[in-house]
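Chain by chain, the residues:
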Number of protein chains: 10
Amino acid sequence: MSTRPSKTLETFPNPKPERDYVISMRMPEFTCLCPKTGQPDFATLYLDFIADELCVELKALKLYLWSFRDEGAFHEDVTNRIADDLVAAINPRYLRLKAEFYVRGGIYTTVVAEHRKAGWTPAPRVDLPA
Amino acid sequence: MSTRPSKTLETFPNPKPERDYVISMRMPEFTCLCPKTGQPDFATLYLDFIADELCVELKALKLYLWSFRDEGAFHEDVTNRIADDLVAAINPRYLRLKAEFYVRGGIYTTVVAEHRKAGWTPAPRVDLPA
Amino acid sequence: MSTRPSKTLETFPNPKPERDYVISMRMPEFTCLCPKTGQPDFATLYLDFIADELCVELKALKLYLWSFRDEGAFHEDVTNRIADDLVAAINPRYLRLKAEFYVRGGIYTTVVAEHRKAGWTPAPRVDLPA
Amino acid sequence: MSTRPSKTLETFPNPKPERDYVISMRMPEFTCLCPKTGQPDFATLYLDFIADELCVELKALKLYLWSFRDEGAFHEDVTNRIADDLVAAINPRYLRLKAEFYVRGGIYTTVVAEHRKAGWTPAPRVDLPA
Amino acid sequence: MSTRPSKTLETFPNPKPERDYVISMRMPEFTCLCPKTGQPDFATLYLDFIADELCVELKALKLYLWSFRDEGAFHEDVTNRIADDLVAAINPRYLRLKAEFYVRGGIYTTVVAEHRKAGWTPAPRVDLPA
Amino acid sequence: MSTRPSKTLETFPNPKPERDYVISMRMPEFTCLCPKTGQPDFATLYLDFIADELCVELKALKLYLWSFRDEGAFHEDVTNRIADDLVAAINPRYLRLKAEFYVRGGIYTTVVAEHRKAGWTPAPRVDLPA
Amino acid sequence: MSTRPSKTLETFPNPKPERDYVISMRMPEFTCLCPKTGQPDFATLYLDFIADELCVELKALKLYLWSFRDEGAFHEDVTNRIADDLVAAINPRYLRLKAEFYVRGGIYTTVVAEHRKAGWTPAPRVDLPA
Amino acid sequence: MSTRPSKTLETFPNPKPERDYVISMRMPEFTCLCPKTGQPDFATLYLDFIADELCVELKALKLYLWSFRDEGAFHEDVTNRIADDLVAAINPRYLRLKAEFYVRGGIYTTVVAEHRKAGWTPAPRVDLPA
Amino acid sequence: MSTRPSKTLETFPNPKPERDYVISMRMPEFTCLCPKTGQPDFATLYLDFIADELCVELKALKLYLWSFRDEGAFHEDVTNRIADDLVAAINPRYLRLKAEFYVRGGIYTTVVAEHRKAGWTPAPRVDLPA
Amino acid sequence: MSTRPSKTLETFPNPKPERDYVISMRMPEFTCLCPKTGQPDFATLYLDFIADELCVELKALKLYLWSFRDEGAFHEDVTNRIADDLVAAINPRYLRLKAEFYVRGGIYTTVVAEHRKAGWTPAPRVDLPA
Ligand SMILES: [Ca+2]
Ligand SMILES: [Ca+2]
Ligand SMILES: [Ca+2]
Ligand SMILES: [Ca+2]
Ligand SMILES: [Ca+2]
Ligand SMILES: [Ca+2]
Ligand SMILES: [Ca+2]
Ligand SMILES: [Ca+2]
Ligand SMILES: [Ca+2]
Ligand SMILES: [Ca+2]
Ligand SMILES: [Ca+2]
Ligand SMILES: [Ca+2]
Ligand SMILES: [Ca+2]
Ligand SMILES: [Ca+2]
Ligand SMILES: [Ca+2]
Ligand SMILES: [Ca+2]
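Everything numeric in this text was worked out from a predicted model, so none of it was measured.

(A) Representation of the overall build of chain A within the structure. Tallying secondary structure elements over chain A gives two helices and six strands in all. For chain A, the succession of helices and strands along the chain, N to C, is β-β-β-β-α-α-β-β. Each principal axis of the C-alpha atoms in chain A carries an extent, and together these give about 45 × 40 × 25 Å. Look at the contacts in chain A between residues 6 or more apart in sequence, and 66% of them connect residues 24 or more apart.

Below is the structure:
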């Protein structure tokens, strides 16, 4: 695997495909460019997914995020595109991506996109008394 | 787009209308006037919406909030009016506006208004175990 | 409106009765007397309601809370009584009152009372992915 | 009422039995003994209940907790026993007891036990948008 | 019971098998090795379970966690394996294991796995107004 | 000792007068009246002192604070008066009183008054590296 | 006293001029205009002072802050001007004003200005061990 | 070493007596009895010391704290006594003991006692810019 | 002023050079490249300075930070270089720059550099009792 | 540089030896063994130093910490030894090491050790008003 920015999201086989378990990743090192002004934008990304056959490689994910460093990207669009790229790479049962962008114009924007695999339904949540 | 206060909420096409994703904005710079005393009031606004065909421009939203600076506005009324203006501008599938007003008379008031587009229902929430 | 303690809860017309929106108030300045010992008790009150035809005046609410300053009141009873007084005054679609009392005997007590108007049902909650 | 440790949980009539309201108590002063080593254990207890005909006296509850000071008690067992004693004393519609024990062996243990009165069902929760 | 690392999860009889109550454990002292680099990994584990006939011994659990100190273990795999080992040892009605791993490559990963016993369903949650 | 409000600050002998040690008390249950409007004011008081021959009784202090419940008192004045009353009662080597008043007019006011006994100087502080 | 914005800072006599005590005020409702763009700016002000002969009226201070609502003001300049106006009004022994401005251009700016009366020196601080 | 409560504070040789380094211990499991009412009191203790020839054994310290479980002890007195016992056991260059007692009568009390060895002075603190 | 990355730190005259006041800026949007691996690094910068004749322009500072986006820079070196560039641009009486870098190799690094103008000494700090 | 545990602390030349600036590192991944029981211990280390001619390599520091994984080490001793090893490797003007150990026996222990180079004195701290 190279250590250059890359749009390739390498994968590995889900070690426990018979269970709907959750993998979550917090990624505070995302930066791209504002398409209008060309100036840097920053965000923290939060990814949650239930894998099907494949998981995404941590290092590949890091290089993928790096690949946005010199790209122009609108907040709403880039969040959906990253979600779509991840879905294309690992075809998960469920995936949710949240992008918390740094403040612009005195306004703090967050975008959240979900994907559910056709035919998949979540197990009913067990709400423990707490 | 001017940089003067304006009631016009400019929009842009939703880049991913085929998905019900969420856009959230925290806006700590809202101020208007108390209709009874004429004195300044302050609030932090929290907006969450699921766009249909249109999204609201960040800069237009900022100028729109500015337009309340010299207007008298009751807490309950202004929260509903801003929600209505946003609904009129972007006709979203879902919209929620929360206004946390600064303390008056030792009491901290918050108002939350929702809009759901006729015929739209949310996807059942996936409650991840966490 | 006087500025003396008062049991009268003055009201004003709900500016948006066609919408089920929420008004919340945090009131950290409540004090009454313990009926057993006569000593002062303190609490922070949290009120949430969905108005029907009427809202409660902020200033009247403040004077109403003041009216308990010299009254004996048990924790469980006074929370229910304040909820009942508010229901009598504004006849809301929904009302919830929480009273967080200051510690007594090493124990921190909180009481929460709800009222739902006959025939009213809440809109199903939209649980945004977040 | 004495001021000695006591297993007696004195009660008083529920002042508002026609309403399902919640009484919550946080009790950070619980200590007992480890049955294996005889050494002191500590916990914070959190009690939530919906009374039926009876409420529990705050002072009696304090003396009841004190009664465990010289008793050996396993974490899982004592949480259930205290819940059972409270149920026996006030026969509530609903009761939940959480015990957050202090760390032992580098592990922080919490136990939560619930009781629901036969035939009682909770009102559907009103989830306010917030 | 020895004080050496051990894969044996000793158990004791559930003191209240007639009730579905919850036992939760926070375990901040987990460390294993990265299978790719051989370098140490660290995590905080959070376990929640509803016992059936058996509970897990706190001390045995500590020695079990210790047994991973010199083992290579991928994040996704080891979380599922620990969950499986616990299920094999105590056959609980419900079990959830969360592993919060320390940051690697600028990314913070958490994995959550659940087990539900065949034929068991949780009591509907009582959502207290709060 | 009565359980009525009282200006008398009862004392007990300092158990360790040969050492300059610090006694601190946080008192969140202070209320008086605004001299201009007659309406209730609230504050949390923080007291720190180094006793000389006498300490102040906890219960007497509580009754003393209660004695302000029906008195008019300006923020700046009442803080200095309480400090002076404590100095008159226990003649400490050092005393500091901080009063954090609840917000009025959108402004949060805090007043801090100190007293140092003539001829007393503090030991130089040991600033531990931390 | 009017309830219109005003540059007049009304005062009252210091009730305890023989003591160097501290009055602190947190004022989260400050807004002015950016001199370059004309757009609103916001800040929270923190004032600490040791009065000499005079204190500043809380209500006058509120109206004074209001007077900046339609004025252009650079961050560094306005902080010093407010400090100077307060010094001119009450001639304190010591005064410190901190202005925490809301983020602009991704940068959070704070300005702190002090004034010490000629010939005044603070009592050496008593650093309590804590 | 026994595992019974004990007033004996066992020690071990300071492994680095040529350096003034700091050992700090937070001990949240302290309980004794109120001498007036006989009821349990609770506190969290914070110990900081610079050892001379001896350090205190962690396990002995735990048993020592346990020895107060059945003793009556006033807040001010017991803090000084524990400090004195530690000084007698290890004769440190510097020692500070803080006891944060649980709330009584609505008042939260903390006591802090220091000891400095005759002839010892601390190195001047290096205040790193931070 | 352009809106391209730039090493030029434009300035404006200090509006209050007769006072030693403090300007502080928190800048969470700094990124450069690791000179060894070429991969992105991230930091939050904290700047505090006491201006002499000149202040630094907020917008110029933003473009200056942007200029590091494609540069290789070691943590220790880049913090000192930014501090030196700021000193060269505005020749302040005092300047402190703190850079909190994001975690690398499981280690969180922060670097703090100071500059004091020759012949300048700070006013002795007024430590308000608080 | 190998990627095996190593006692060698590799260094690089201080890029700015003419300035007394501070390098700080938070290292939450330290583990060793208890010399009495052989069981794992854990700590978070905090290092602050002012370099002279040399800085310590981040990667070497990571491998050095790893070298304690299979060593027995008392809390007080290991903190001083790591401080000494760092002093031997980089001979800094100033160094401070804090080790926050995980709870044992209900007690949370922290050890802090300092080193100052002979003949070096810190610049007097500039205490900015804040
Ligand atoms: Ca992996
Ligand atoms: Ca504001
Ligand atoms: Ca946009
Ligand atoms: Ca209050
Ligand atoms: Ca109103
Ligand atoms: Ca306790
Ligand atoms: Ca009661
Ligand atoms: Ca660890
Ligand atoms: Ca057990
Ligand atoms: Ca109060
Ligand atoms: Ca006492
Ligand atoms: Ca006043
Ligand atoms: Ca030891
Ligand atoms: Ca960033
Ligand atoms: Ca500027
Ligand atoms: Ca380096």
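(B) Quick look at the pattern of salt bridges. A full pass over the atoms with the stated rule returns 170 salt bridges over all chains. With a shortest N-O distance of 2.5 Å, Lys16 of chain F and Asp84 of chain H are connected by a salt bridge. In this pair, Lys16 of chain F sits in the loop between β1 (11-13) and β2 (22-33) while Asp84 of chain H sits in helix α2 (residues 75-90), so the two residues belong to two different chains. With a relative accessible area of 25%, Asp84 of chain H lands in the partly exposed category. A network of salt bridges, in which partner residues are shared, links Arg125 and Asp127 of chain A, Arg125 and Asp127 of chain B, Arg125 and Asp127 of chain C, Arg125 and Asp127 of chain D together with Arg125 and Asp127 of chain E.

(C) Looking closely at the coordination of the calcium ion (ligand 2). Around the calcium ion (ligand 2), the donor atoms from the protein are Tyr102 of chain B (OH) and Tyr102 of chain G (OH), and they sit 3.1 to 3.2 Å away. Of this pair, Tyr102 of chain B sits in the loop between β5 (94-101) and β6 (108-116) while Tyr102 of chain G sits in the loop between β5 (94-101) and β6 (108-116), each in a different chain.

(D) The arrangement of the interface of chain J and chain I in detail. Each partner contributes residues to the interface: chain J has 25 residues there, and chain I has 27 residues. The contact between chain J and chain I buries some 2300 Å² in all, and 55% of this surface belongs to carbon and sulfur atoms. On the chain J side of the interface with chain I, the three residues burying the most area are Arg19, Val126 and Leu128 of chain J, jointly 30% of the side's total. The interface formed by chain J and chain I includes four salt bridges. Along the contact surface separating chain J from chain I lie 11 residue pairs in polar contact (both at pLDDT 80 or more). Contributing elements (two or more residues each) for the side of chain J that touches chain I: β2 (22-33) and α1 (58-66) of chain J. In the side of chain J that touches chain I, the residues fall into 16 nonpolar, one polar and eight charged. In the sheet, strand β6 (residues 108-116) of chain I pairs with β2 of chain J via five bridges, with the strands oriented antiparallel. Along β2 of chain J, the bridge assignment pairs Val112 of chain I with Val22 of chain J.

(E) Highlighting the relation of the copies chain C and chain F. It takes a turn of 180° to lay chain C on chain F, together with a shift of 0.0 Å along the axis; the resulting RMSD is 0.0 Å. Such a combination of turn and shift is consistent with a two-fold rotation axis. Mapped onto chain F, 100% of the interface residues of chain C again fall at the interface, so both copies present the same surface.

(F) Structural context of the relation of the copies chain J and chain I. Take chain J, turn it by 72°, move it 0.0 Å along the axis, and it overlays chain I with an RMSD of 0.0 Å. The transformation relating the two chain copies, once decomposed into turn and shift, fits a five-fold axis. Identified as the residue of chain J closest to the rotation axis by C-alpha distance is Asp127 of chain J, at 8.1 Å. In this assembly the copies use different faces: only 8% of the residues contributing to the interface of chain J also contribute to that of chain I.

(G) Quick look at the interface of chain C and chain F. With 17 residues of chain C in contact, the opposing surface of chain F contributes 17 residues. Surface buried jointly by chain C and chain F totals about 1600 Å² across both partners, of which 49% is contributed by carbon and sulfur atoms. On the chain C side of the interface with chain F, the three residues burying the most area are Glu29, Gln39 and Arg69 of chain C, jointly 38% of the side's total. The salt bridge partner of Arg104 of chain C is Glu29 of chain F, with a shortest N-O separation of 2.9 Å.

(H) Representation of the packing of aromatic side chains within the structure. Summed over the entire model, instances satisfying the criterion amount to 45 aromatic pairs over all chains. Consider the rings of Phe42 of chain D and Phe42 of chain H, whose centres lie 6.4 Å apart with planes at 85°: the pair is edge-to-face. Placement of Phe42 of chain D in strand β3 (residues 40-50) and of Phe42 of chain H in strand β3 (residues 40-50) is noted, with the two residues assigned to different chains. When its relative accessible area of 4% is taken as the criterion, Phe42 of chain H is described as buried.

(I) Representation of the side chain of Arg104 of chain D. Mapped onto the secondary structure, Arg104 of chain D falls in the loop between β5 (94-101) and β6 (108-116). A residue is classified by how much of its surface remains accessible, and Arg104 of chain D, at 18% relative accessible area, is buried. Contacts of Arg104 of chain D, omitting those with residues within four sequence positions, involve Pro40, Asp41 and Phe42 of chain D, Leu58 of chain E, Glu29 of chain H together with Gly106 of chain J.

(J) Structural context of the arrangement of the chains. Here chain E and chain F are not in contact; the least distance found between their C-alpha atoms is 23 Å. At their nearest point, the C-alpha atoms of chain C and chain J are still 22 Å apart, with no contact between the two.

(K) How the structure looks around the UniProt feature "active site" (unreviewed entry) in chain A. Residue and element names in this part refer to chain A. Under the UniProt annotation, "active site" (unreviewed entry) lies at Cys34 and Asp41. Locating Cys34 in the fold gives a position in the loop between β2 (22-33) and β3 (40-50). For Cys34, the contacting residues outside a window of four places in its chain are Gln39 and Asp41. You can see Asp41 is positioned in strand β3. Once residues lying within four places of it in the same chain are set aside, the contact partners of Asp41 are Phe30, Thr31, Cys32, Leu33, Cys34, His75 and Arg104.

(L) How the structure looks around the UniProt feature "binding site: substrate" (unreviewed entry) in chain A. Residues and elements named next belong to chain A. Mapped onto the present numbering, the UniProt feature "binding site: substrate" (unreviewed entry) falls on Val56, Glu57, Leu58, His75 and Glu76. For the annotated residues, spread through 21 residues, the largest C-alpha to C-alpha distance comes to 24.9 Å, inconsistent with a single compact locus. With respect to the secondary-structure elements, His75 resides in helix α2 (residues 75-90). For His75, a relative accessible area of 14% puts it in the buried group. With respect to the element layout, Glu76 can be found in helix α2. For Glu76, a relative accessible area of 8% translates into the label buried.

(M) Local environment of helix α2 (residues 75-90) of chain B. All names here are of chain B. End to end, α2 covers 23 Å across 16 residues, agreeing with the expected 22 Å (1.5 Å per residue, within 8%). Among the residues of α2, His75, Glu76, Val78, Thr79, Asn80, Ile82, Ala83, Leu86, Val87 and Ile90 are the ones counted as buried. Just past α2, the residue Asn91 takes up positive phi, approximately 45°.

(N) Molecular detail of the environment of Asp84 of chain H. With 13 residues separating them in the primary sequence, Asp84 of chain H and Leu97 of chain H have C-alpha atoms 9.8 Å apart. Leave out the neighbours within four places in its chain, and Asp84 of chain H touches Lys16 and Arg19 of chain F.

(O) Structural detail: the pairing of strand β6 (residues 108-116) of chain C. All names here are of chain C. Of all nine residues in β6, eight are buried; the element is thus mostly enclosed. Bridge count for strand β5 (residues 94-101) against β6 is seven bridges, and the pairing is antiparallel. If you follow Ala99 over to β6, its bridge partner there is Val111.

Each value, and the rule that gives it
Residues numbered from 1 in each chain as written. Chains lettered and ligands numbered in written order. Predicted model: local features only at pLDDT ≥ 70, side-chain atom pairs only at ≥ 80, totals over all residues. Heavy atoms only, no water. Helix = DSSP H or I, 4+ residues; strand = E, 2+ residues; numbered from the N terminus. Contact = heavy atoms within 4.5 Å. Salt bridge = Lys/Arg side-chain N within 4 Å of Asp/Glu carboxyl O. Buried < 20%, exposed > 50% of the residue type's maximum accessible area, 1.4 Å probe, protein only. Donors = N, O, S within 2.8 Å, 3.2 Å for Na, K, Ca; no water. Buried area = accessible area lost by both parts, 1.4 Å probe. Polar contact = N/O pair within 3.5 Å; in protein donor to acceptor, adjacent residues only side chain to side chain. Nonpolar A, V, L, I, M, F, W, Y, C, P; charged D, E, K, R; others polar. Pairing = 2+ DSSP bridges. Least-squares fit on C-alpha atoms with pLDDT ≥ 70 in both. Phe/Tyr/Trp six-rings, centres within 6.5 Å; stacked < 30°, edge-to-face > 60°. UniProt positions renumbered as here; feature names shortened; annotations may be inferred. Expected span 1.5 Å × (residues − 1).

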